[in-house]
Amino acid sequence: MPIHRYLALLSIGLIDLFAGLRLWIPPSPGHAPRCPNPVGIEREGHTTVLCLRSVQPLSSITDRLGIPACSDRRPVMTGQIVHLPSSKRDCRARIGPMPAAARLALGLRIDINSASAEALRALPRIGPVLAARIVAYRRRHGPFSSTTQLQRVRGIGPRTFERLRGLVSAQG
């Protein structure tokens, strides 16, 4: 596992909650992630990774965190981050995408059809120029139908693609 994944893990706190959630343990190199549905919870600048057993409504997660007043039924999906207000009385949570480096550290793939150039830079061997080329190619030709189409982008040959194969998806 590349060092940037381990560094991203250092910035993410871990927590063990009640039923429906369990502590996430980082996978060893070359193994599948032990947490099939990681979700980030951000409060007061600290991020915690929760391991959901299934998609859950925001209200059930906030109940477990001691914010029972929230009745928000929006689903929280794998790879999303929930931004909680600092006050337990405030119920205005935001749900958004997890940063690319955190997704990679948790064993989740980056969708090349929706990732920004900044998100693509979290991938190994992808710098600002190559990330901009991927985005430009996507704008010019439409969404990628498969990850192998990345090789059509100037600068991504077979060797670079092999390094990216397990880290990207083309969900369109």
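Above this text you will find the structure in question.
Note that the structure is a prediction, hence the values are computed from the model and not measured.

Structural notes on the overall build of the protein
Phase 1 of the analysis: Secondary structure summary: the protein contains six helices and 10 strands in total.
Phase 2 of the analysis: The buried share of the protein, taken over its 172 residues, is 44%.
Phase 3 of the analysis: For the protein, contacts bridging at least 24 residues in sequence account for 47% of all contacts bridging at least 6.

What about the packing of aromatic side chains?
Aromatic rings considered in pairs are described by the distance between their centres and by the relative angle of their planes.
Phase 1 of the analysis: Counting across every chain of the model gives one aromatic pair.
Phase 2 of the analysis: With 5.5 Å between their ring centres and 20 degrees between their planes, Y137 and F144 make a pair best called stacked. F144 carries the same exposure label as Y137, and that label is buried.

Description of the pairing of strand β4 (residues 46-52)
Phase 1 of the analysis: Of all the seven residues making up β4, five are buried; the element is thus mostly covered by neighbouring parts of the structure.
Phase 2 of the analysis: Once strand β3 (residues 38-43) ends, the chain turns through two residues before running back antiparallel as β4, passing E44 with a positive phi of about 55 degrees.

Observations regarding helix α5 (residues 128-141)
Phase 1 of the analysis: Taking 1.5 Å per residue, 14 residues should reach 20 Å; α5 reaches 20 Å between its end C-alpha atoms and fits that length.
Phase 2 of the analysis: For α5, the set of buried residues is L130, A131, I134, V135, Y137 and R138. With its buried residues spanning 155 degrees around the axis, α5 presents them on a single face. The exposed set on the far side of α5, more than 90 degrees from its buried face, consists of V129, R139 and R140.

Some words on the pattern of salt bridges
Phase 1 of the analysis: Taken as a whole and judged by the stated rule, the model has one salt bridge.
Phase 2 of the analysis: Residues E162 and R165 are paired through a salt bridge, measuring 2.7 Å at the closest nitrogen-oxygen approach.
Phase 3 of the analysis: By relative accessible area, which is 48% here, E162 ends up partly exposed.
Phase 4 of the analysis: The class for R165 is partly exposed, based on a relative accessible area of 38%.

Focus: the side chain of N37
Phase 1 of the analysis: On the secondary structure map, N37 appears in the loop between β2 (21-22) and β3.
Phase 2 of the analysis: In terms of polar contacts, N37 uses its side chain to reach the backbone carbonyl oxygen of L52, at 3.2 Å.
Phase 3 of the analysis: There is a polar contact of 2.9 Å between the side chain of N37 and the side chain of T78.

Cut-offs and rules
Residues numbered from 1 in each chain as written. Predicted model: local features only at pLDDT ≥ 70, side-chain atom pairs only at ≥ 80, totals over all residues. Heavy atoms only, no water. Helix = DSSP H or I, 4+ residues; strand = E, 2+ residues; numbered from the N terminus. Buried < 20%, exposed > 50% of the residue type's maximum accessible area, 1.4 Å probe, protein only. Contact = heavy atoms within 4.5 Å. Phe/Tyr/Trp six-rings, centres within 6.5 Å; stacked < 30°, edge-to-face > 60°. Pairing = 2+ DSSP bridges. Expected span 1.5 Å × (residues − 1). Arc of directions from axis to C-beta. Salt bridge = Lys/Arg side-chain N within 4 Å of Asp/Glu carboxyl O. Polar contact = N/O pair within 3.5 Å; in protein donor to acceptor, adjacent residues only side chain to side chain.

Remember, this is a structural readout, not a statement about activity or role.
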